[in-house]
Amino acid sequence: MPKTENSKRNENSTNVKNATPEHKDKNEEIIKESTSDAKSCRIFAVANQKGGVGKTTTTVNLSAAIAELGKRILVIDLDPQGNATTGLGIDARNFDHSMYDVLVHDVPLDSAIEATAVKNLFLAPATIDLAGADIELVSAFSRELKLKKALELVASDYDYVFIDCPPSLGLITVNGLSAADEVLVPIQCEYYALEGLGQLLKNVQLVKTNLNPQLEVTTIVMTMYNASTKLSTQVVDEVKEHFGDKVCKTVIPRSVRISEAPSFGQPITIFDPMSKGSVAYKCLAEEVMANG
């Protein structure tokens, strides 16, 4: 892994301390530039309390689509089911550390990061061990900020970080929200689309108030859109009425090919690059990047 921004900043701080007067200004500019670079990484928590809304599918395919545009991406799998991990072709037998070790045993995050088959796309994987992490973290110091502190050391190495949160509101999800700057919420174009969303927004506000003042819901993605039904259009209109410009113009269609891709350990952009689902996620990638 490349040097983290913190190590670069420490080196630059030493340079300033020992510099001659004529070099101080230049070194101070370097430090400011490094600090600015560190802030350029956009960190998304992908969350929805309701299951089956395309949360992991959106995490995997959106991150892959942005990576193909030349950006360096880190996906953090916080779901004990590990669907983002298998969806990106990473086998649990082939890595030594997972997000469980990072959160519970304070293993450095960069020790858990794996390269995927997609250029520029990296993954911090999850295993079923995470299922018990909520209980194990109860007595931990700064338990809600474990991921935030771990991510601070590597965030400057990436342009985007996508944190795939579990469909629950326990300590693992709170860690994801505390570490992020933005929340991306996938909503399916079906009955009860807004079910549970009110509670999620309340929890986002609680985290914002008590742990992470920068946190904002910035992106709503409509998934499983069926152009042949009136219901899908009605649901999109209803969500836009609630959230306005936060709703992405790009909608993700219901697609058999999107559903098949995870079983091959590939994002849809690799599995079937010309499919409607792949084209949709590529358009979504451009939209998300443009809104940064």
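Preceding this paragraph is the structure being described.
Definitions and limits used
- Residues numbered from 1 in each chain as written.
- Predicted model: local features only at pLDDT ≥ 70, side-chain atom pairs only at ≥ 80, totals over all residues.
- Heavy atoms only, no water.
- Helix = DSSP H or I, 4+ residues; strand = E, 2+ residues; numbered from the N terminus.
- Buried < 20%, exposed > 50% of the residue type's maximum accessible area, 1.4 Å probe, protein only.
- Areas by Shrake-Rupley, 256 points an atom, 1.4 Å probe, with all protein chains shown as cover.
- Pairing = 2+ DSSP bridges.
- Contact = heavy atoms within 4.5 Å.
- Axes fitted to C-alpha atoms, helices over the stretch in contact; angles between N-to-C directions.
- Salt bridge = Lys/Arg side-chain N within 4 Å of Asp/Glu carboxyl O.
- Core = buried A, V, L, I, M, F, W, Y, C linked by side-chain atoms within 4.5 Å.
- Phe/Tyr/Trp six-rings, centres within 6.5 Å; stacked < 30°, edge-to-face > 60°.

A word on the overall build of the protein chain. Assigned secondary structure in the protein chain consists of 13 helices and seven strands. Every one of the 292 residues in the protein chain was classed for burial, and the buried ones make up 50%. Carbon and sulfur atoms provide 51% of the accessible area of the protein chain, an area that totals close to 14000 Å².

With five of five residues buried, strand 1 (residues 42–46) is to be regarded as a mostly interior element. Going residue by residue along strand 1, you find Arg42, Phe44 and Val46 tucked away on one face and Ile43 and Ala45 tucked away on the opposite face as well. Summarising the sheet, strand 1 and strand 5 (residues 160–164) pair through five bridges and their orientation is parallel. Directly across from Arg42, in strand 5, lies its bridge partner Tyr160.

Another aspect to go through is the sheet that holds strand 7 (residues 216–223). With respect to topology, seven strands assemble into an open sheet ordered 3-4-2-5-1-6-7, the strand pairing being mixed. Unpaired on one side and paired on the other, strand 3 (114–115) and strand 7 mark the two borders of the sheet. Here strand 2 (residues 73–77) pairs with strand 5 via five bridges, running parallel. Counterpart to Ile76 in the pairing with strand 5 is Ile163. On the sheet, helix 3 (residues 55–67) packs against strand 1, strand 2, strand 4 (121–124), strand 5, strand 6 (182–188) and strand 7 and is oriented at approximately 165° with respect to strand 5. Each of strand 1, strand 5 and strand 6 touches helix 8 (residues 171–179); the most contacted strand, strand 1, lies at about 155° to it.

Relative to the helices and strands, Thr85 is located in helix 4 (residues 83–87). Among the residues examined, Thr85 registers a relative accessible area of 2% and is labelled buried. In this view, Thr85 contacts Asp77, Ile90, Phe95, Leu123, Pro125 and Ala126; residues no more than four positions away in its chain are not counted.

Working definition: two side chains of opposite charge can pair if their charged atoms are close together. Applying the stated criterion across every chain, the model contains ten salt bridges. The residue Arg42 makes a salt bridge to Glu182 at a minimum N-O spacing of 2.8 Å. Here the residue Arg42 occupies a position in strand 1, and Glu182 occupies one in strand 6, the gap between them amounting to 140 residues. The burial state of Arg42 is the same as that of Glu182; both residues are buried.

Of note in this structure, Tyr192 is not a glycine but carries a positive phi near 60°. Tracing the chain through its elements places Tyr192 in the loop between strand 6 and helix 9 (197–210). Unlike most non-glycine residues, Met224 shows phi in positive territory, near 55°. Inspection of the secondary structure assignment puts Met224 in the loop between strand 7 and helix 10 (230–243).

For the rest of this paragraph, the subject is the nonpolar core. Core analysis: the biggest nonpolar cluster contains 54 residues, and Leu74, Ile76, Met99, Leu109, Leu151 and Ile163 have the highest contact counts within it. When residues no more than four places from it in sequence are discounted, the contact partners of Leu74 are Leu109, Ile113, Phe122, Leu123, Ala124, Leu151, Val154, Tyr158, Tyr160, Val161 and Phe162.

What follows concerns helix 8. Counted residue by residue, helix 8 has nine buried out of nine residues, so it is predominantly covered. Regarding helix 8, the residues found buried are Leu171, Ile172, Thr173, Val174, Asn175, Gly176, Leu177, Ser178 and Ala179.

This part is about the packing of aromatic side chains. Scanning the entire structure with this criterion turns up four aromatic pairs. When the centroid spacing of 5.2 Å and the interplanar angle of 10° are considered together, the rings of Phe44 and Phe162 count as stacked. One end of the pair, Phe44, is in strand 1; the other, Phe162, is in strand 5, and 118 residues separate them in sequence. Take Phe44 and Phe162: they sit in the same class, and that class is buried. Here the aromatic rings of Phe122 and Tyr158 are separated by 6.0 Å at their centres, their planes lie at 70°, and the arrangement is edge-to-face. Placement of the pair is Phe122 in strand 4 and Tyr158 in the loop between helix 7 (146–152) and strand 5, with a sequence separation of 36 residues. Judged by its relative accessible area of 16%, Phe122 falls in the buried class.

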